[in-house]
Amino acid sequence: MSIEDVQKEIVLWQSDNFPGSTLVGICNHMIKEAKEAQSDSRWVEHYQKYEDCRLIATESEFAEELADVMFTVFHAAHLAGVDLEHELRSKLAKNKLRTWPKEPGEDGCYHHEK
Ligand SMILES: [Mg+2]
């Protein structure tokens, strides 16, 4: 089953079960699910060590929280009529043209130069 097939199944289920959803509500949920992933104690403790991050998916709820985030992304994209594959490819091409630092910032994130 491709990611597109999974997306279709998820969106169908969401449409049946959450007919009153709004983009604002879904984005609020997206933030909540991302914070759940972030708040995993092993993630917070080891996020700077890539090799340790691999343990997170097997020893915590981190992988499930990532799935929750994707549920909200698929739902928002469906509601807004966004072609996610097109947008992902388009944004990747844009990001490849940007200049990125060699090291992450104090927040652990890489931020492109403006
Ligand atoms: Mg969750």
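Residues numbered from 1 in each chain as written. Predicted model: local features only at pLDDT ≥ 70, side-chain atom pairs only at ≥ 80, totals over all residues.

## Let's talk about the overall build of the chain
Helix and strand counts for the chain come out as 6 helices and 0 strands. Beginning at the N terminus, the succession of helices and strands in the chain can be written as α-α-α-α-α-α. Counting only residues that meet the buried cut, the chain has 7% of its 114 residues in that class. Of the contacts made within the chain by residues no fewer than 6 positions apart, 58% connect residues no fewer than 24 positions apart. (Helix = DSSP H or I, 4+ residues; strand = E, 2+ residues; numbered from the N terminus. Buried ≥ 20, exposed ≤ 12 C-beta atoms within 10 Å, placed from the backbone. Contact = placed C-beta atoms within 7 Å.)

## Comments concerning helix α5 (residues 62–80)
With 19 residues, α5 extends 27 Å between its outermost C-alpha atoms, agreeing within 8% with the 27 Å of an ideal straight helix rising 1.5 Å per residue. Residues of α5 that are buried: Glu65, Thr72, Phe74, His75 and Ala76. (Expected span 1.5 Å × (residues − 1).)

## Observations concerning the environment of histidine 29
Positionally, histidine 29 belongs in helix α2 (residues 23–39). For the pair formed by histidine 29 and threonine 72, sequence separation is 43 residues and the distance between their alpha carbons is 6.9 Å.

## Describing helix α1 (residues 3–17)
An α-helix turns once every 3.6 residues. As a result, residues three or four positions apart point the same way. Along its 15 residues, α1 runs 21 Å from first to last C-alpha, staying within 8% of the 21 Å computed at 1.5 Å per residue. For α1, the tally of buried residues reaches only 0 of 15 residues, placing the bulk of the element at the surface.

## Considerations on the packing of α1 against α5
At a minimum axis distance of 9 Å, the contact between α1 and α5 shows a crossing angle of 75 degrees. With respect to their mutual orientation, α1 and α5 come out roughly perpendicular. The segment α1 lies against α5, with Gln7, Ile10, Val11 and Gln14 engaging Phe71, Phe74, His75 and His78. Partitioning the contact of α1 with α5 into residue classes produces 4 nonpolar, 4 polar and no charged. (Axes fitted to C-alpha atoms, helices over the stretch in contact; angles between N-to-C directions. Parallel < 35°, antiparallel > 145°, perpendicular 65-115°, else oblique. Nonpolar A, V, L, I, M, F, W, Y, C, P; charged D, E, K, R; others polar.)

## Some words on the confidence of the model for the chain
Per-residue confidence for the chain gives a mean pLDDT of 88; residues scoring 70 or more make up 83%. Between the elements of the chain, mean pLDDT differs from a low of 60, seen in helix α3 (residues 41–46), to a high of 97, seen in helix α6 (residues 84–97). (pLDDT = per-residue confidence, 0-100.)

## Concerning the environment of asparagine 95
By secondary structure assignment, the location of asparagine 95 is in helix α6. Sequence separation between asparagine 95 and histidine 112 is 17 residues, and the spatial gap between their C-alpha atoms is 8.3 Å.

## Structural notes on the packing of α2 against α5
At their nearest, the axes of α2 and α5 sit 8 Å apart, and the two run at 165 degrees to each other. Considering their axes alone, α2 and α5 lie roughly antiparallel with respect to each other. The chirality of how α2 crosses α5 is left-handed. Mapping the contact onto sequence places Leu23, Ile26, Cys27, His29, Met30, Glu33, Ala34, Glu36 and Ala37 in α2 and Phe62, Glu65, Leu66, Asp68, Val69, Thr72, Val73, His75, Ala76, Leu79 and Ala80 in α5. Across the contact of α2 with α5, the residue classes break down as 13 nonpolar, 3 polar and 4 charged. (Left-handed = near helix turned anticlockwise from the far one by under 90°.)

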